[in-house]
Protein chains: 2
Amino acid sequence: MDAYNDEHFLSSYLRLRENPNYNDLLETPAALSLLPDVKGRNILDIGCGFGASSAYFADAGATSVLAIDASERMISKAISDNSRENIEYEVMRAEDLHTDRKFDIVWSSLVFHYIEDFGSLLKTIHDHLVPGGILIFSQEHPLTTSDYSGHYTEDNDGNWNGYRFSSYGREGERRSLWFDTEVVTYHRTFSTIITSLHDNGFVVEKVLEPLPSEPAISIIPRMKREIHKPSFLVIKARI
Amino acid sequence: MDAYNDEHFLSSYLRLRENPNYNDLLETPAALSLLPDVKGRNILDIGCGFGASSAYFADAGATSVLAIDASERMISKAISDNSRENIEYEVMRAEDLHTDRKFDIVWSSLVFHYIEDFGSLLKTIHDHLVPGGILIFSQEHPLTTSDYSGHYTEDNDGNWNGYRFSSYGREGERRSLWFDTEVVTYHRTFSTIITSLHDNGFVVEKVLEPLPSEPAISIIPRMKREIHKPSFLVIKARI
């Protein structure tokens, strides 16, 4: 996504990531719960950002990590903050993924909702996996991508009591503002996501819509409202 | 579900089914779109109701249909209205499914949201399928089972502009009124449904959240609002 090349956007984004947030408390633990032992594995990290996940894989014994991100600034920061001998950082868009290498695990955190052609992306990933290889990805929940004006509702005492949204059945482009920057995402229904995985040669093994733990809620109390509508979708699939 | 044995409930239900409705215009076409050629196949119809689907399979060339329903009254009506030489109607709850026969296709329309133990049901169905056999089922959409007080919202001009619901992340029993009869259903998230299928030996091939066609909308204009939140979930899975 181009916004990650914008300096103002990036500094806001990095400030957000400095303190425990929804990603740290909800999305990352859920995705990591699906990760097998990475020792001796070759891993592709799509949308590696500033390299935190790639460094984690390298430190956990991965043989190699190819870490790609569309943002030059992110890759620069990854190289300066999270270099490891067996990580190769490259500026590359997920849609342009091309390498002669094959991987045991493809990992992608919160990138796929930026991708217009999901089927083509899955086909490319399939071609870069070894037989039996796995894809683990997270994305914004379809009820989020459906409608960025969607919002939790409150009762008279200010307790969150539900969620209101629209247009779940209308797939395609969504434009929204994040840190004053226009961000383009693509809404796909649950059914399209699962069916596309099958149609492109994947067996869906596990789907998560993570809910916050009690400790997470004590850090960010508004996470309680996730019970009404989760923010993330996390999937493990195998070829 | 016990309500289908209640005379008042049953007569209201049958009146509803006399005219084209959501099932006829939305759920049934979607489920049928996933059905392979039934010629020469042995089919199990779980929750056959008054036998419309079983008769359809028989007339389309199925070798045999075992059609079960928990309601004696439904089975009586099925026998009187939809008898065929190769259909066997039996009063049997889905949860108690037991027969020495194995099936090429298990079909179940709008029954699974009444079942408390989904994993156990899937295991039983798996045991009654031939290798490569398929399960096609529809159920109320998880956003419906989540909250029966959920409702479409309207703008000032009375146009449907969204949907409001609660408690998606809280799985389990729901009690609601249908024709003045209390009905008990079980809410499961999307992720639980898909993951349970995999965990019980199924490969999920196709998931649908059907939207109404233009002709359907011309018959029932309020179907337009399905674009905000679909009513049904339809799944095809193979062992």
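Remember, predicted model here, so these are calculated numbers, not experimental data. (Residues numbered from 1 in each chain as written. Chains lettered and ligands numbered in written order. Predicted model: local features only at pLDDT ≥ 70, side-chain atom pairs only at ≥ 80, totals over all residues. Heavy atoms only, no water.)

A. Just the pairing of strand 9 (residues 181–187) of chain B, in detail. Residue and element names in this part refer to chain B. For strand 9, a buried count of five out of seven residues is recorded, marking the element as mostly surrounded by other parts of the structure. Bridge count for strand 8 (residues 172–178) against strand 9 is seven bridges, and the pairing is antiparallel. Directly across from Trp-178, in strand 9, lies its bridge partner Thr-181. Here strand 8 folds back onto strand 9 in antiparallel fashion, the turn holding two residues, of which Phe-179 has a positive phi close to 50°. (Buried < 20%, exposed > 50% of the residue type's maximum accessible area, 1.4 Å probe, protein only. Helix = DSSP H or I, 4+ residues; strand = E, 2+ residues; numbered from the N terminus. Pairing = 2+ DSSP bridges.)

B. Representation of the interface of chain B and chain A. Counting residues at the interface gives 32 residues for chain B and 32 residues for chain A. Surface buried jointly by chain B and chain A totals about 2500 Å² across both partners, of which 58% is contributed by carbon and sulfur atoms. If you sort the residues of chain B by the area they bury against chain A, Arg-164, Phe-165 and His-198 of chain B come out on top, with a joint share of 19%. There are zero salt bridges connecting chain B and chain A. Of all elements in the fold, only strand 7 (160–165), helix 7 (190–199) and strand 10 (203–208) of chain B reach the threshold of two or more residues within the side of chain B that touches chain A. Here the side of chain B that touches chain A is composed, by residue class, of 13 nonpolar, 12 polar and seven charged. Across three bridges, the pairing between strand 7 (residues 160–165) of chain A and strand 7 of chain B is antiparallel. Bridging across to strand 7 of chain B, Arg-164 of chain A finds its partner in Arg-164 of chain B. (Contact = heavy atoms within 4.5 Å. Buried area = accessible area lost by both parts, 1.4 Å probe. Salt bridge = Lys/Arg side-chain N within 4 Å of Asp/Glu carboxyl O. Nonpolar A, V, L, I, M, F, W, Y, C, P; charged D, E, K, R; others polar.)

C. Just the sheet that holds strand 3 (residues 87–91) of chain A, in detail. All names here are of chain A. Pairing in this open sheet of seven strands is mixed, and the strands run 3-2-1-4-5-11-10 from one edge to the other. One side of each edge strand has no neighbouring strand; the edge strands of this open sheet are strand 3 and strand 10 (203–208). Strand-to-strand twist across the sheet, computed as the mean angle between neighbouring axes with direction ignored, equals 15°. The strands that helix 5 (residues 118–127) touches are strand 1 (42–46), strand 4 (103–109) and strand 5 (129–140); relative to strand 5, the one it contacts most, it runs at about 145°. (Axes fitted to C-alpha atoms, helices over the stretch in contact; angles between N-to-C directions.)

D. Summary view of the side chain of Thr-99 of chain A. By secondary structure assignment, the location of Thr-99 of chain A is in the loop between strand 3 and strand 4. Among all residues touching Thr-99 of chain A, those that are not within four sequence positions of it are Leu-66 and His-128 of chain A.

E. Highlighting the packing of aromatic side chains. Counted by the stated rule, this structure contains 18 aromatic pairs over all chains. Note on Tyr-152 of chain A and Tyr-163 of chain A: the rings are 4.9 Å apart at their centroids and 65° apart in plane angle, and the pair reads as edge-to-face. Taken together, the positions of Tyr-152 of chain A in strand 6 (residues 151–154) and Tyr-163 of chain A in strand 7 put the pair 11 residues apart, joining distant regions of the chain. Both residues of the pair, Tyr-152 of chain A and Tyr-163 of chain A, count as buried. An aromatic cluster is built from Tyr-152, Tyr-163 and Phe-165 of chain A together with Tyr-152, Tyr-163 and Phe-165 of chain B, whose rings are joined through pairwise contacts. The ring of Tyr-163 of chain B carries Lys-229 of chain B above its face, with NZ or CZ at 4.8 Å from the centroid. (Phe/Tyr/Trp six-rings, centres within 6.5 Å; stacked < 30°, edge-to-face > 60°. Lys NZ or Arg CZ within 6 Å of the ring centre and 35° of its normal.)

F. Examining the sheet that holds strand 1 (residues 42–46) of chain B more closely. All names here are of chain B. Pairing in this open sheet of seven strands is mixed, and the strands run 3-2-1-4-5-11-10 from one edge to the other. For this open sheet the edge positions go to strand 3 (87–91) and strand 10, each flanked by a neighbour on one side alone. Direction aside, neighbouring strands of the sheet carry axes that sit 15° apart on average. Taken together, the four bridges between strand 1 and strand 4 (residues 103–109) define a ladder with parallel strand orientation. The residue bridging Ile-46 from the neighbouring strand is Ser-108, located in strand 4. Taken strand by strand, helix 4 (residues 72–81) contacts strand 2 (64–69) and strand 3, and its axis lies near 160° from that of strand 3.

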